[in-house]
Amino acid sequence: MRFKGFAVALVFFYVIFNLVFSAGRLQAQTNISNSPNLASTSPRISVDSRGNVHAIWVEMTSGTTGDLYYSRGSKNLLSWTSPINLSQSNKVYCESLMMADIDVDSSDRVYVVWTEGNMIKLRIYADNVWGGTIDVGSGSSLDAPKISVSPEGDIFIVWWPFSGQVYCRARINGVWENSQLISDSGKRSKFPDIAVGKNKVAACWVEKNGDLYQAVYVERNRSFNASWSSIIPIAPSNLSQQQAVVELDSADIAHVVWTPVISEDGTRRVDYSSGGLSGFSSPQPISETMVLHYPAIDEKNNNIYSCWQVGVYGNGSSVDYNIKAYGSWIGAASVKGSSGVTFCDLSVSKNEDIVYFIWDANGEIYVRALPGPGIYFYSLHFDGHDFNGDGLSDIGVFRPADGYWYFKDMGSVQWGQAGDIPVNGDYNGDGKTDIAVWRYSDGRWYVKDMANEPWGTVGDIPVPGKYNTDATTDMAVWRIMNGSWYIKNIGTIAWGTRGDIPVPADYNGDGKTDVAVWRPAEGIWYIQNIGTFQWGVIGDIPVPADYDGDGKADIAVWRPSEGIWYVRHVGSFAWGVEGDIPVPGKYNYNSGFNIAVWRPSSGIWYILNVGFYQWGAAGDIPIIR
């Protein structure tokens, strides 16, 4: 199981604030096998709750023999442990060359399964030690084992022998079930996958019906020796279907991708469907129609991630991917530098700010990290959040669970609902911050005591600001797909690209909010009509604000791994720890903004040179716009 998540509102803000990456900029793809005399293939990847990246692959010593290797990477991929040989047999092989799989549980134990001769083997890494080899299954010509593990550590493994049946074996509460045949013994079945959800276990594979293979689905509950359901088709078609893979979300809804075969030259596309035993949604293409192979899938917080190989088998042109974020597919894109690929996989960080890719090419194994959708929703405009007009920032939280805004020394107000995004600002020009939310589901702005207005659509990022000189906050959104800013009653501005973080602020002191983005992969700030500035590294949180009181927003980042604020031309300040949320504001009448953090675990606001105040609880969103 790839960890299941929280409510939508927390995904939008609270989860994203808890960035946990070490200092250091992500570079281009990294060769982690470094074995020029061997052919490295069959890569798989998984990320644990601490951000450690776990990778496996097989080093082929001949066309039909090899060993399984493992390495652990740091959160920023800049350091990797020396590869270790997990199998130590020189017998790892299967016909498809999809020889191994990996998963982690919520205690960060690592589970690795592989084919070795006529056996399915398993090893578990726990308490900093690799356990001994466990024999899971036996038979002739076993192929393509897959593993999924519950948060508690229950294990579910599927595989198929080349004779065409699908088998599963599970370990529940430390006790192994017997192997079960879960496919139709009268129909050739191949390439299974498995996923563990909250209460269910789901499996899928492709089953031959007449001359065509079709993707099929089964499920069971997680109790010991539970029976599997009847087999149902996912999306019956007159096209043959290949390589179905599955994940379950927090509601135990199955998400499946597969490749319908468009023509015999290898032209395919990647299709997606969701559902369960009561039926699946109509297939939705998530790739272009082209020569492609072998999709992979991951899930975090009900968002779906998929990647696949593009091009001819053995020497593809790229790893392509698509992400279904908050209900909408973002659009397919390519991982740079991934030519030569045959097999690929992906895994997503706990907070969804990084997507890790792994692939084989030219006999080596490569990894690369790209920003995930979590990073897109970290868009802050620190304007002081002064709700009573006294010139000071007010301490307050928005509680998605009940839709209330709770202000220290000012009372509470109900406005909004779970899933809304706080977008407070001075929308009427009276000098006071207005309570406001943007509703992701309908693209409307709900400003208290004003009429609600539509502006934006699903997938946009709200970026309100004072983009002209009329003293009122303008409704605005930044569109991930095209990098455009849509500012109500002002216009459209193309600025930024997918993976950037919008960081609007008044950087030149002219009283207007400047359009700006920070590019985590480069650490560069792109500020329209002002310039570009190198400041920060991936894993930092951008916190632009006027810290020195000169009337201009300062370029600044907070580095969670160190707890240090780096403010350009001002200095560095140690304040806060990993897991805190930065909440700078004007908390006293000194000229500049105060450095401050809010600690969700205790609900305490720590304000540098001012004091600390308990306000809010875990699950709240601090009001900091």
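Quick caveat: nothing in here was measured; it's all calculated off a predicted structure. (Residues numbered from 1 in each chain as written. Predicted model: local features only at pLDDT ≥ 70, side-chain atom pairs only at ≥ 80, totals over all residues. Heavy atoms only, no water.)

*Asks:* Any chance you could explain the side chain of Glu177 here in plain terms?
*Replies:* Relative to the helices and strands, Glu177 resides in the loop between β14 (175–176) and β15 (180–181). A residue is classified by how much of its surface remains accessible, and Glu177, at 1% relative accessible area, is buried. Of the polar contacts made by the side chain of Glu177, one reaches the backbone nitrogen of Asn225; its length is 2.6 Å. Dropping the residues within four chain positions of it, Glu177 is found in contact with Arg169, Ala170, Ile172, Arg220, Ser223, Phe224, Asn225 and Ala226. (Helix = DSSP H or I, 4+ residues; strand = E, 2+ residues; numbered from the N terminus. Buried < 20%, exposed > 50% of the residue type's maximum accessible area, 1.4 Å probe, protein only. Polar contact = N/O pair within 3.5 Å; in protein donor to acceptor, adjacent residues only side chain to side chain. Contact = heavy atoms within 4.5 Å.)

*Asks:* Looking at this model, I keep getting lost on the sheet that holds strand β1 (residues 30–31). Mind explaining?
*Replies:* Sheet strands pair via backbone hydrogen bonds, and the direction of the pair is either parallel or antiparallel. Here four strands make up an open sheet; going across it, the order is β1-β33-β32-β31 and the pairing antiparallel. Of all strands in the sheet, those bounded by a partner on one side alone are β1 and β31 (341–348). Here β31 pairs with strand β32 (residues 354–361) via six bridges, running antiparallel. Opposite Cys344, over in β32, you have Trp359 as the bridge partner. (Pairing = 2+ DSSP bridges.)

*Asks:* Would you explain the packing of aromatic side chains in this entry?
*Replies:* A ring pair, where both rings are aromatic, is described by two values, the distance of the centres and the angle of the planes. What the rule picks out here adds up to 25 aromatic pairs. Geometrically, the ring pair formed by Trp558 and Trp565 is tilted, given 6.3 Å between the ring centres and 45° between the ring planes. Accessibility assignment for this pair places Trp558 and Trp565 in one class, buried. Its end group placed over the ring of Tyr213, Lys190 keeps NZ or CZ at 4.2 Å from the ring centre. (Phe/Tyr/Trp six-rings, centres within 6.5 Å; stacked < 30°, edge-to-face > 60°. Lys NZ or Arg CZ within 6 Å of the ring centre and 35° of its normal.)

*Asks:* Help me understand the environment of Asp470, please; the structure alone is not making it clear to me.
*Replies:* As for its placement among the helices and strands, Asp470 is situated in the loop between β41 (460–462) and β42 (476–479). Note on Asp470: relative accessible area 41%, which makes it partly exposed. Through-space distance from the C-alpha of Asp470 to that of Gly429 is 7.9 Å; in sequence the pair is 41 residues apart. A polar side-chain atom of Asp470 sits 3.0 Å from a polar atom in the side chain of Thr472.

*Asks:* Which parts of the structure should I look at to understand the side chain of His255?
*Replies:* Note on placement: His255 falls in strand β21 (residues 254–260). Engagement of the side chain of His255 in a polar contact is seen with the side chain of Asp249, the distance being 2.9 Å.

*Asks:* Just checking my understanding: could you explain the pairing of strand β28 (residues 318–325) for this structure?
*Replies:* Remark: a regular strand shows side chains that alternate across the two faces of the sheet. Most of β28 sits out of view: eight of its eight residues are buried. In this sheet, β28 lies alongside strand β27 (residues 303–310) in antiparallel orientation, the contact comprising seven bridges. From the neighbouring strand, Trp308 faces β28, where its bridge partner is Asp320. With two bridges connecting them, β28 and strand β29 (residues 328–329) associate as antiparallel partners. Across the sheet, Ala325 pairs through a bridge with Ser328, a residue of β29. Turn length for the β28-β29 hairpin, with the two strands adjacent in sequence and antiparallel, is two residues, and the turn residue Tyr326 shows positive phi of about 55°.

*Asks:* Quick question: what am I supposed to make of the state of the cysteines here?
*Replies:* Note: disulfide means a covalent bond formed between the sulfur atoms of two cysteine side chains. Applying the stated criterion across every chain, the model contains zero disulfides. Free cysteine: Cys307, not disulfide-bonded; nearest cysteine sulfur from Cys344 at 3.8 Å. We classify Cys307 as buried; its relative accessible area is 0%. (Disulfide = S-S within 2.5 Å.)

Remember, this is a structural readout, not a statement about activity or role.
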